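# Descriptive structure summary
Listed below, chain by chain, are the residues.
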Amino acid sequence: MFCTNPESYASQSLLRSHQSYLFHTYKNVVYLFLMTCCCICNGEVMEQRTDFFSNKGELMFKWWEKFSGRGWKIFHCYPCISSKKAVEKRKEMLANMCEERAKMLQDQFNMSMNHVQALAILVSTFHHGKNPSAVDQVTFARYTERTAFERPLTSGVAYAVKVLHSEREQFEKQQGWTIKQMDSQEQSAVRKDDNAAETYEPSPVQEEYAPVIFAQDTISHVVSLDMLSGKEDRQNVLRARASGKGVLTAPFRLIKSKLLGVILTFAVYKYDLPSNATPKERIQATNGYLGGVFDIESLVEKLLQQLASKQTIIVDVYDTTNSSDPISMYGSNVSHNGIDHISPLNFGDPSRKHEMRCRFKQKPPWPWWEMLSSFGIVVIALLIGYIFYVTMNRIAKVEDDYREMMELKKRAEAADVAKSQFLATVSHEIRTPMNGVLGMLQMLMDTDLDVTQQDYVRTAQASGKALVSLINEVLDQAKIESGKLELEAVQFNLRALLDDVLSLFSGKSQDRGIELAVYISDQVPEILIGDPGRFRQIITNLMGNSIKFTEKGHIFVTIHLIEEMNSLEFETSVSLTDTLSGFPVTDKRSSWKNFKLFNQQGPLFQPPFSSASSDLINLIISVEDTGSGIPQEAQSRVFTPFMQVGPSISRIHGGTGIGLSISKCLVGLMNGEIGFVSEPHIGSTFTFTVVFTNGVAASHESKKHHHQQINVQYNSELSEFRGMMALVIDPRPVRAKVTKYHLQRLGILVKVASNINEAVSSITSGTHVINMILVEKEAWFKDSCLPSPLVENLWKHGRLDMPKIFLLANNIHSTKINTVKSHGCILMVIMKPLRASMLAASLQRAMGVGNKGNCCNDVLPLSSLYNLLHGKNILVVDDNMVNLRVAAGALKKYGAEVAHAESGKQAIAMLKPPHDFDACFMDIQMPEMDGFEATRQIRDMEHEVNNCIQHGQISFEDYKHVMSWHVPILAITADVIQATHEQCLRSGMDGYVSKPFEGEQLCREVAPFFKSAASKSQ
């Protein structure tokens, strides 16, 4: 691995480096200040004797040296007897300072060299030692950038691979670039590469090449350059692979930066070589070459800046390999006649020699300044010593606090994980017995019960389902806190999904007489790819809250593309009172004003990726209601888990207070944002964004599993109603727009009239034949005299194909229906909220077209289920007898013959080919052998039998004339996380059923397998 938890590793390394840096900085500051005191004591000054320091002064300095502690070296500034003694003192000080700098430069260079060598071993292990390679340019650049602090003197690293001439053409095709020549002219010891790497000519033909394939971002321009095409680089590479050690080039001007630098090269071998390997063996074992670029000028300058006294002396660094013509690597290279000192430098390459030359920058101070500054420096040194002492105590305290904080952090994280695991485990264990409770209640409903008993059972079922819903919310919250909540990526029909959600709340909305509607823009694709279950959960939570707090008015869900927001802004600005029900609403623009997506620089409402030019679809969804609103003081805690608006809310409306918190987390996982605006006694509007993928462009990718199948139930209705004309009479434009939207989904052309008089004019003057008239209840009963002209006009024309008249209503009394019939009109009522399937069924019955029976979404009639399952042999595997009885009862209800097994081993024995079972329901969590392992062994057993049949080793007549054995196996478990679902598919299961389940749910899951089998037999 390149780096384990790089953020944690880097933070700890930085903490240690910071502490070490502070310690050495303060140490060097005091040390250099004290040495400065001695620097002033030079020959010219000390030629004049002075009695400034007496024997008492000598005792004071000895006391200061003891106080400073071990490791602090103080040069005693005593009155010098002669100028010669002062000069020797000055030379000794210069030598110490020069040696210190040379040692620091050499140590840091050796540390960088060791890390470059370690990087060579890493490349050998993970690039050449893995097939396929675990390293590419992006990984190499990211890793070297993150670990740059380990190589403080390098300005970049690169790796060149060994390529023979016979491999060149294939290598260039694989890399997508041509191997380029580094230098077109002879190189000198100090060379200037003025040409950019991209303008270099292709490398000439030679036996071997060394093109750069990986490089740190700082030197990425060297990729594709042949290290063997340059004279100096070629010699460097050949010496490195023959010696097995790091070798250095002579100083030269780096490409592009033009700064003076050297390259340290290590050979990367195919395998470990013995220490006594010959050069020939090393050359044959070479895989490539790893080079580290050292920008000498800037790196030496950076090193000297770490020293507080860097201005005291002047430092020059030379390459003295050629003693007659040394190369200046750093410094002014100006000769002088003063005192200097030379310190040798060893950079690990014995073939190259380097040295550091130091001299004082300033001349000795005048005698009077010596007298004053000596005393001042002693005072400053004492103050700095005190500051250093206080600083070290502070660092120690901060380090102790840091350790305590990390320990508390670990405890808090462990407690949080334990809590989440406890909630998940308890929720999982509760779902299993709840499956038995709800299953037995459903079986009890199928028996002969009187009205009172049926009411009791329904109440118990509702309570059980409410408990399961609560468990699901608690489980979701636990998975969110533990970071284990994952999303699916399957195809789904967005409009059909919203129809299903509407059906959940249609009863409550009709009871209260409130408008409930959904409008989806035509720009939104029909099929999307995402997690429909989690998206449905968000919509259900928001609509459920709206239903709770809305007693009158409406609940309106709108879905648009984010690119439509400019037009939506205009519509919102003029429609605060012209609403679905006529009640005033909040300004929904305030619900998204804090979205980061809309606060970015650039054109208004332009997302970072456009739906028009990408497969990614950016949706913005608003749920608007005219309920009681949220008090201002409670709005800040709306998305806080387990928080209610007030203490009485949970008693009046129920709920746990975590639905909105879960919704916010789910929106975040879908790369979206959520916000709201609310005014007391006006209502609330919740708006959120999500990102899906266009399912039309990738439809072939998502038809692999049964649970990903798309509902295409409206295709037949489109052909039946296509070309028909409908007239909608509604005084409210927003509501008429919703009705028009649902009719157009069925392929019906729509005209809109705001009142009955306008409708009469449209009928008499129109050129199109109107097949149906849909009248909003508000327009029909607004004036009892208005319906007569409409009916009379229809009779007056005497058309044989009289248009059908439909009344759209939330709820309606029988007395009003009688009033309608008194006008001589046969009126059919369509109850809202409008849904495509329900609307199509109502129109089919009235118009006499299509299927007149089924108006429910994706629900098989009981007779179809019975015909489908009658006589089928199904095996149920579960170690829980209650679950066995529930599943067996549900399947036997529709004529299936059910056998059961209480363990995975028993199931394997019963499903060994040949057998008579048509399907199997397999529990996942069982003792001895779980459902995953049992399924894998069953699949292996079937695979072995199928291979024997195909190769003629056994006769398929002996195996009931079945050429390919594969019994459908569906998992049944209380664990509903996505990881479990994926594990089911990997183990060979065909489907997935979560507990608690009902009879129809079981039958619906097994139906596709019987359908496919029936179609194959036909």
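None of these values were measured; they are calculated from a predicted model.

What counts as what
- Residues numbered from 1 in each chain as written.
- Predicted model: local features only at pLDDT ≥ 70, side-chain atom pairs only at ≥ 80, totals over all residues.
- Heavy atoms only, no water.
- Helix = DSSP H or I, 4+ residues; strand = E, 2+ residues; numbered from the N terminus.
- Buried < 20%, exposed > 50% of the residue type's maximum accessible area, 1.4 Å probe, protein only.
- Contact = heavy atoms within 4.5 Å.
- Areas by Shrake-Rupley, 256 points an atom, 1.4 Å probe, with all protein chains shown as cover.
- Pairing = 2+ DSSP bridges.
- Axes fitted to C-alpha atoms, helices over the stretch in contact; angles between N-to-C directions.
- Patch = residues over 30% accessible without salt bridge, like charges linked within 9 Å, V, L, I, M, F, W, Y side chains within 5 Å.
- Salt bridge = Lys/Arg side-chain N within 4 Å of Asp/Glu carboxyl O.
- Disulfide = S-S within 2.5 Å.
- Expected span 1.5 Å × (residues − 1).
- Polar contact = N/O pair within 3.5 Å; in protein donor to acceptor, adjacent residues only side chain to side chain.
- pLDDT = per-residue confidence, 0-100.
- Parallel < 35°, antiparallel > 145°, perpendicular 65-115°, else oblique.
- Nonpolar A, V, L, I, M, F, W, Y, C, P; charged D, E, K, R; others polar.
- Phe/Tyr/Trp six-rings, centres within 6.5 Å; stacked < 30°, edge-to-face > 60°.
- Lys NZ or Arg CZ within 6 Å of the ring centre and 35° of its normal.
- Left-handed = near helix turned anticlockwise from the far one by under 90°.

The next subject is the overall build of the protein chain. In terms of helices and strands, the protein chain carries 29 helices and 31 strands. The 1018 residues of the protein chain split such that 47% are buried. Pairs at least 24 residues apart make up 74% of the contacts formed inside the protein chain by residues separated by at least 6 positions. Carbon and sulfur atoms make up 54% of the accessible area of the protein chain, which amounts to about 50,600 Å² in all.

To continue, consider the sheet that holds strand β12 (residues 327-330). Pairing in this open sheet of four strands is antiparallel, and the strands run β12-β11-β14-β13 from one edge to the other. Two strands lie at the open edges of the sheet, namely β12 and β13 (340-345), each paired on one side alone. The mean angle between the axes of side-by-side strands here comes to 30°, regardless of whether they run parallel or antiparallel. When strand β11 (residues 313-319) meets β12, the two strands line up antiparallel, connected through three bridges. Bridging across to β12, D319 finds its partner in I327. Against the sheet, helix α9 (residues 296-305) touches β11 and β12, its axis set at about 50° to β12.

Okay, the environment of A753 next. Take A753: it is sitting in strand β23 (residues 749-753). For the pair A753 and P733, spaced 20 residues apart in sequence, the C-alpha separation works out to 9.3 Å. Those residues in contact with A753, other than ones at most four positions away along the chain, are L727, V728, I729, D730, E758 and A759.

It is worth spelling out the side chain of T154 at this point. Among the secondary structure elements, T154 is positioned in the loop between α5 (137-146) and β1 (156-161). With sequence-adjacent residues up to four places away left out, T154 is seen in contact with S112, V116, V293, F294 and L299.

Here we come to a nonpolar patch on the surface. On the surface, F422, V426, I430, L467 and L470 cluster together into a nonpolar patch covering about 390 Å² of accessible area. Take the nonpolar patch: its biggest share by element is three residues, from helix α10 (residues 367-445). With respect to the secondary-structure elements, I430 resides in helix α10.

Turning to the pattern of salt bridges, a few remarks are in order. In this structure the tally under the stated criterion is 30 salt bridges. Between K409 and E413 there is a salt bridge, and its shortest N-O distance comes to 2.6 Å. Highlighted residues: K409 and E413, both in helix α10, separated by four residues, approximately one helical turn. K409 gets classed as partly exposed once you look at its relative accessible area, which sits at 42%. Look at E413 and you get partly exposed, because its relative accessible area is 41%. In this structure, E526 engages R495 in a salt bridge whose closest nitrogen and oxygen atoms are separated by 3.5 Å. A residue pair is termed long-range when its members are at least 10 positions apart, and E526 in the loop between β16 (515-520) and β17 (527-530) and R495 in helix α12 (residues 494-512) qualify at 31 residues. E526 gets classed as partly exposed once you look at its relative accessible area, which sits at 38%. Each of the salt bridges in this network shares a partner with another, and the network as a whole consists of E515, D730, R732, R735, E776, E778 and K832.

Our next topic: the state of the cysteines. Applying the stated criterion across every chain yields a total of one disulfide. Note that C98 is cross-linked by a disulfide to C358, the S-S spacing being 2.2 Å. Residues C98 and C358 are joined through a disulfide that is right-handed, its torsion about the S-S bond being 70°. One end of the pair, C98, is in helix α4 (residues 83-128); the other, C358, is in strand β14 (residues 354-360), with 260 residues separating them in the sequence. Overall, the relative accessible area of 0% leaves C98 in the buried class. Taking the relative accessible area as the measure of exposure, C358 reaches 1% and is therefore buried.

Now for helix α13 (residues 532-549). Every α-helical turn comprises 3.6 residues, leaving residues that sit three or four positions apart pointing alike. The end-to-end C-alpha distance of α13, which contains 18 residues, comes to 26 Å, matching closely the 26 Å that a straight helix rising 1.5 Å per residue would cover. Where α13 is concerned, the buried positions are P532, R534, F535, Q537, I538, I539, N541, L542, M543, G544, S546 and I547. Between the side-chain oxygen of the N-cap and the backbone nitrogen of G533 there are 3.2 Å, and the N-cap of α13 in question is D531.

What follows deals with helix α23 (residues 836-847). Over its 12 residues, α23 extends 16 Å from the first C-alpha to the last, a length consistent with the 16 Å expected when each residue adds 1.5 Å. The element α23 is extensively covered by neighbouring structure, given that 10 of its 12 residues are classed as buried. Of the positions making up α23, those classed as buried are A836, S837, M838, L839, A840, A841, S842, L843, Q844 and A846. A positive phi of about 75° marks G848, the residue just after α23.

The next thing to look at is the confidence of the model for the protein chain. Taken residue by residue, the protein chain gives an average pLDDT of 76. The fraction at 70 or more is 72%. Within the model, pLDDT remains below 50 along residues 602-606, and this stretch shows seven contacts once partners closer than five positions in the same chain are excluded. For the stretch residues 699-714, pLDDT sits under 50, and the model shows 30 contacts to residues farther than four places along the chain or on other chains.

Now for the packing of helix α18 (residues 733-745) against α23. Taken N-terminus to C-terminus, the directions of α18 and α23 make an angle of 75°; their axes are 10 Å apart at the nearest point. Here α18 lies roughly perpendicular to α23, going by the angle between them. Residues H742, L743 and R745 of α18 touch α23, and the partners they reach there are A836, L839 and L843. For the contact of α18 with α23, the class distribution of residues is four nonpolar, one polar and one charged.

Under the definition given, this model contains 12 aromatic pairs. Here the aromatic rings of Y519 and Y741 are separated by 5.3 Å at their centres, their planes lie at 65°, and the arrangement is edge-to-face. With Y519 in strand β16 and Y741 in helix α18, the pair connects residues that are 222 residues apart, well separated along the chain. For Y519, a relative accessible area of 12% gives the class buried. In this structure, R90 is placed above the aromatic ring of F360, and the distance from its NZ or CZ to the ring centre is 3.8 Å.

With that settled, the discussion passes to the environment of V163. With respect to the helices, strands and loops of the structure, V163 is situated in strand β2 (residues 163-164). A C-alpha to C-alpha distance of 8.6 Å links V163 and N287, two positions 124 residues apart in sequence. Those residues within four positions of V163 in sequence are excluded, and the remaining contacts are R168, F171, E207, E208, Y209 and P211.

So, on to the packing of α13 against helix α16 (residues 659-669). In the contact formed by α13 and α16, the axes pass within 9 Å of each other and the chain directions differ by 145°. Two packed elements cross with a definite hand, and for α13 against α16 that hand is left-handed. Across from R534, Q537, I538, N541, L542 and N545 in α13, the residues of α16 making contact are G659, L660, I662, S663, L666 and V667. Its residues assigned to classes, the contact of α13 with α16 comprises six nonpolar, five polar and one charged.

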